Amino acid sequence: MNAKLNPVIRTRRPLKPIFPTWVVTVIHPDIQDVGPCKFDIRTLQRHTLGKQKNLTWMSGRPIYFYHRHHRILEGGLGYREFRAIRARGSKFYLKYLKGVIAFGWKSVVRDAGGDIYVPFICYRRDTKSVVLDWCWIGNGHFMVKGCSLLFPK
């Protein structure tokens, strides 16, 4: 099997993830190292809120608060894992994640203005590339097909 398409992802847990320079605060620094050092992407669970099913758009705040309240943050992927997935490239992303938009709720951050952002990863058809970016969750809206990726229990 091509090394780039191997479904096993390895992360370097002892090393702290390097966040963008505009990040002032990582809101949950204590859980950035939570998770396996090695995982099979085929075993990840996709999680959406029940009320997302019938909506076209939904605000990010209730999604974040739900994850935080129900302690789902610790079991989910974050910025570190998304960087490892992005490094595998678009063929890997399309094969295993089927182009889904995923949010990394355990890596929510704050900027100098106090605004809160969540990392997301997606495939852009126009550039044929995997994009890792940040979405403002103030009063922002997310597409319903966006989900959280959780490690298996």
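Provided above is the structure to which this section pertains.
Below is a summary of the structure that appears in this document. (Residues numbered from 1 in each chain as written. Predicted model: local features only at pLDDT ≥ 70, side-chain atom pairs only at ≥ 80, totals over all residues. Heavy atoms only, no water.)

1. Observations regarding the nonpolar core
With 27 residues, the main nonpolar core has Leu 77, Phe 82, Ile 85, Tyr 93, Ile 121 and Leu 149 as its most contacted residues. At the level of secondary structure, the elements contributing two or more residues to this core comprise helix H2 (79-87), helix H3 (90-97), strand S8 (116-124), strand S9 (129-136) and strand S11 (147-150). The residues touching Leu 149, leaving out its near neighbours within four places in the chain, are Leu 44, Gln 45, Arg 46, Gly 75, Gly 76, Leu 77, Phe 82, Leu 97, Ala 102 and Phe 103. Judged by nonpolar contacts, the second largest core, of 17 residues, contains Leu 49, Met 58, Tyr 64 and Ile 101. (Core = buried A, V, L, I, M, F, W, Y, C linked by side-chain atoms within 4.5 Å. Buried < 20%, exposed > 50% of the residue type's maximum accessible area, 1.4 Å probe, protein only. Helix = DSSP H or I, 4+ residues; strand = E, 2+ residues; numbered from the N terminus. Contact = heavy atoms within 4.5 Å.)

2. With respect to H3
Those residues of H3 not exposed but buried are Phe 92, Tyr 93, Tyr 96 and Leu 97. Along the long axis of H3, the arc covered by the buried residues comes to 95 degrees, so they all point the same way. Count one or two residues on from H3 and you reach Lys 98, which has phi positive near 55 degrees. (Arc of directions from axis to C-beta.)

3. Some points on the pairing of S9
Bridge count for S8 against S9 is eight bridges, and the pairing is antiparallel. Bridged to Val 118 within S9 is Cys 135. Linking two consecutive strands that pair antiparallel, namely S8 and S9, is a turn of four residues; a positive phi of about 55 degrees is found at Lys 128 within it. (Pairing = 2+ DSSP bridges.)

Function-wise, these values are silent; they only describe arrangement.
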